[in-house]
Amino acid sequence: MRHQVSIPPPSAPPLRGHLPFADAPTAPDPIEVTSRWLTRGGRPWFPVSGEFHYSRYPAREWEEELLKMKAGGVTAVASYVIWIHHEETEGRVRFDADRDLRRFARLCARHGLDFIPRIGPWSHAEVRGGGLPDWVLARTAAPRTDDPAYLAAVRPWWDAIASQLDGLDRAHGGPIVAIQIENELYDRPGHLRTLKRMAQEAGLGAPLWTSTAWGGVHLPDDELLPLYGGYSEAFWTEADGGWPDTCRKHFFFTHQRDDEGIGADLRPTTVRGTDPDTYADQFPWATCELGGGMAVAYHRRPRVDAADVGALGLTKIGCGSVWQGYYMFHGGTNPAGERTTLQESHATAYPNDLPVLTYDFQAPLGEYGQYRPSYDELRLQHLLLADFGEVIAPMRSVLPDGRPRGQHDRDTLRWAVRGDGRTSGFLFVTNHQPHEPLPDHPDTSFTIGFPEAPPLTLPSTPVTVPTGAYFCWPLRLDVAGLRLDWATAQPVCTIVDDHGRTVLVLAATDGIMPELALDARTVRSVATPPGTDVAAVTDGDRVLITGLRPGTDALVETETPAGDRVALLVLDATTARTAYRGEAWGAQRLVLCADGVVFDATNGEVRIHPRPSDDASGAHDASGAHGADGADGADGADGADGSGPRTPAPPVSTVSTVSLSVLPAPHRPPTTPGATVKESQDGALTRYTLVPDEDAPTVPAVTLTAIRPAGPAPAPQTGVLGRASAPADEHYDTKAAVYRVDVPATRAGTPTPPGSDLLRLHWTGDVARAYVGDTLVADQFFTGRPWDIALDRLPPGEPLTLRILPLAADAAVHLPVTPPAGVAELRQAERITTRTWRLGPT
């Protein structure tokens with residue numbers, strides 16, 4: 001089927017200077033807001049922000065995690081400044097250790113990352129009281145209003161924040177580009193204005209002041225930049241409500257920015273402050289909460305897969321977003337409270353029971369910094385925005401006439417174009433959504449009309465858009481003097497080699513053969529790999545290249561009439577998701593690596609974090625496929641009384657092969673302590689394989705002992721809104737299956753190179769907690785996925801006690817994988833150790 005759309009001519013220029021946002025006069029790259037996009041240094045600016053809560057992560061690891069985010073294409077780090085984490089007890093304001101806001105902001109600045117503090121005072125963030133300390137709530141009956149008692153508590157807190165961030169604003173060369181006021185407050189514009197004034201009076205300043213804008217928010221006129229969101233799933237809806245329509249909508253191309261579903265459990269859904277399109281003509285479409293994953297509540301535990309995150313993000317770009325903001329990009333762990341636990345719960349009259357500690361959020365980077373496949377999906381898009389965001393940002397989103405008839409139309413292809421109103425653009429297609437797969441679309445082609453150029457019909461032969469596919473194709477993209485009329489492959493990034501040749505890297509889509517169409521007027525010569533067809537079409541105006549087999553050797557080399565050399569490298573879909581670009585050994589380089597890559601320009605090195613093949617995002621068969629090491633004993637057989645230790649579980653190998661392919665290659669291979677680097681050819685790139693000088697030290701395996709089988713499942717209880725409540729603490733003492741996991745410390749004198757050391761637990765049941773002595777150190781609600789615990793967060797050599805409760809047969813709980821009722825078992829415990837490799841110049 002041929003799909004058609006015509007790009008309208010340019011509309012009136014965007015409004016400028018109509019908003020009271022101003023950057024510091026001394027800023028070398030002033031930030032401004034037009035009605036359609038942001039600018040920085042006078043050029044269109046397409047930021048990518050990712051949420052990472054510093055107070056939910058060990059300060060000693062902040063720097064490496066920030067570098068992981070930067071390598072993932074994040075340009076700005078957002079973080080709630082969670083009041084109760086800093087001042088649980090009135091007057092005892094803590095900015096030490098993991099609460100050191102100033103150090104976190106300075107680390108962002110050190111590595112060229114912008115910083116966006118979301119200062120509340122109410123944050124939500126699935127925190128007790130939404131982040132408002134208990135003593136504040138005891139002082140006022142009207143929090144989140146201009147009640148004098150409430151404002152009197154807020155004022156010294158914001159003075160403390162301002163003191164921490166003093167000198168880190170743009171006027172002093174600092175990283176703070178925006179400050180968010182409050183969160184999800186939809187009907188009190190006067191209070192939002194008051195809070196902004198108070199923050200400014202405290203000394204806080206930024207070129208952008210923002211507010212969340214979902215739920216029909218009513219903002220004070222021109223005071224705050226509205227930021228939107230969208231999630232593929234929601235923990236805050238009812239257990240039996242199915243996949244929410246408010247989540248379903250995000251897999252359609254639309255120009256409606258609002259999402260009335262976010263936070264709907266905390267406000268009346270029938271009341272709207274404004275029309276959903278109120279701010280569309282005045283402010284650009286910017287986001288701060290595109291779902292990088294999703295938290296789980298006791299009553300509803302949604303599962304979010306990498307394709308859900310990737311498809312939602314790409315769809316928003318096609319819809320017209322000019323700021324991709326993700327919540328969360330990095331998971332974490334709630335700190336231990338001094339007086340109470342610090343999670344959102346029924347106990348504090350909130351409608352959801354959250355785990356006490358874990359805030360993993362199924363994020364691209366997990367609770368302990370684990371890499372997830374969603375990190376690769378988003379990084380692929382962020383590489384596109386890093387090179388072409390400046391071009392995409394001013395482009396309007398245009399929807400075809402033949403659009404889906406409603407949110408339950410699965411048969412109509414979902415697509416859109418962002419066009420410049422003249423000659424060029426980008427085509428976006430989304431054929432993926434969660435839960436309900438979309439069908440293949442055979443015989444698909446597109447015709448896009450332009451006001452100042454002939455229409456493009458692509459590809460030359462119709463293709464099948466496979467189920468699950470989502471992609472972006474360029475339309476008349478200029479690359480260093482070469483015009484690419486179209487490609488049935490997604491632009492990834494450009495790189496310039498040592499000889500001045502520009503290489504455009506593209507990513508093929510599984511199931512669609514790549515096709516490149518070059519404007520013949522911009523081509524003097526072309527060379528292609530063997531087996532590729534090159535034809536002149538459209539009266540010689542176009543060079544059509546077909547038959548490419550994507551991979552590292554799918555390199556098309558051209559020379560322009562001006563004598564410039566431009567190459568097109570088309571990677572297969574899997575390899576493209578290993579692509580990184582960053583400063584490595586003195587130059588910008590493309591790096592292909594299946595493991596995690598960090599570019600540390602400050603120290604002149606590249607670090608490789610090996611990724612276990614079976615990470616926590618992989619599915620786990622709750623029927624017992626992993627049960628060989630943990631099934632017996634829990635049912636009263638050997639070891640059930642604590643007398644019989646289990647067979648030690650073998651650790652995952654610590655010496656997995658690590659390799660990376662680089663373009664352009666450094667003049668000499670990099671070096672790394674503890675390994676020889678072997679060089680070989682990988683198509684157009686140079687591959688470096690690390691061969692360890694010696695076998696990795698043996699890491700002692702964990703030993704699993706079943707202490708006690710589970711008793712009967714606790715009777716279901718309900719709380720706010722009649723939703724299922726998490727089992728009470730006493731049930732862990734009386735009804736839980738109990739296991740002991742011994743994790744021997746590495747023998748004294750054995751070298752332990754830096755890396756990660758995870759305990760991975762395969763289990764089934766309802767909820768589980770891990771203790772060292774009487775101290776709770778980790779917890780989990782069952783979702784069918786393995787449970788990771790970072791061993792370096794625990795006292796070395798101390799045993800873990802695991803307590804697992806079974807699920808009641810009649811529990812009103814939504815689960816992606818339902819465990820057997822009444823069963824609570826730890827089926828396998830494994831230790832996964834990896835070594836971080838540091839590659840420096842020769």
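Residues numbered from 1 in each chain as written. Predicted model: local features only at pLDDT ≥ 70, side-chain atom pairs only at ≥ 80, totals over all residues. Heavy atoms only, no water.

Caption draft 1: A look at the overall build of the protein chain. When helices and strands are tallied, the protein chain shows 11 helices and 45 strands. Taken against the 2.2 N^0.38 rule, which gives 28 Å for 842 residues, the C-alpha radius of gyration of the protein chain at 27 Å falls within 12% of a compact globule. If one aligns the C-alpha atoms of the protein chain with their principal axes, the spans along those axes are about 85 × 65 × 50 Å. Counting all 842 residues of the protein chain, 61% fall into the buried class. Within the protein chain, contacts between residues at least 6 apart in sequence are counted, and of these 74% link residues at least 24 apart. Counting only carbon and sulfur atoms, one obtains 49% of the accessible surface of the protein chain, whose full area is about 29800 Å². Once the 76 positive and 106 negative side-chain charges of the protein chain are each reduced to a mean point, those two points are 3 Å apart. (Helix = DSSP H or I, 4+ residues; strand = E, 2+ residues; numbered from the N terminus. Rg over C-alpha atoms; globule rule 2.2 N^0.38 Å. Buried < 20%, exposed > 50% of the residue type's maximum accessible area, 1.4 Å probe, protein only. Contact = heavy atoms within 4.5 Å. Areas by Shrake-Rupley, 256 points an atom, 1.4 Å probe, with all protein chains shown as cover. Lys, Arg positive; Asp, Glu negative; His and termini not counted. Charge placed at Lys NZ, Arg CZ, Asp CG, Glu CD.)

Caption draft 2: Region of interest: the packing of aromatic side chains. The final tally for this structure, using the stated rule, is 26 aromatic pairs. Aromatic pair Y231 and W236: ring centres 5.7 Å apart, planes at 85°, arrangement edge-to-face. For the pair Y231 and W236, a shared accessibility class is recorded, and that class is buried. Plain terms: the ring middles of Y359 and F361 are 5.5 Å apart, the flat faces sit at 50° to each other, and that makes the pair tilted. An identical accessibility class is assigned to Y359 and F361; each is buried. Counting every residue linked through ring pairs, the aromatic cluster contains F52, Y54, Y57, W62, F104 and F115. (Phe/Tyr/Trp six-rings, centres within 6.5 Å; stacked < 30°, edge-to-face > 60°.)

Caption draft 3: Inspection of the sheet that holds strand β31 (residues 587-592) at higher detail. The strand order across the open sheet built from 5 strands is β30-β31-β34-β36-β35, with neighbouring strands paired in antiparallel fashion. Pairing within the sheet leaves two strands with one partner each, and these edge strands are β30 (579-584) and β35 (675-682). The mean inter-strand angle of the sheet, taken between neighbouring strand axes irrespective of direction, is 30°. Summarising the sheet, β35 and strand β36 (residues 685-692) pair through 8 bridges and their orientation is antiparallel. In the sheet register, A675 faces β36, and the bridge partner there is P692. (Pairing = 2+ DSSP bridges. Axes fitted to C-alpha atoms, helices over the stretch in contact; angles between N-to-C directions.)

Caption draft 4: Structural view of the sheet that holds strand β32 (residues 596-600). Sheet architecture is open: 3 strands sit in the order β32-β33-β45, paired in antiparallel fashion. Edge positions in the open sheet fall to β32 and β45 (837-839), since each of these has one partner strand only. Shown here is a sheet whose adjacent strand axes are inclined to one another by a mean of 20°, direction ignored. Looking at chain direction, strand β33 (residues 605-609) and β45 are connected through 3 bridges and run antiparallel. Each residue of the ladder has a partner; that of I608, found in β45, is W837. Packed onto the sheet, helix α1 (residues 62-71) meets β32 and β33 and runs at close to 105° relative to β32.

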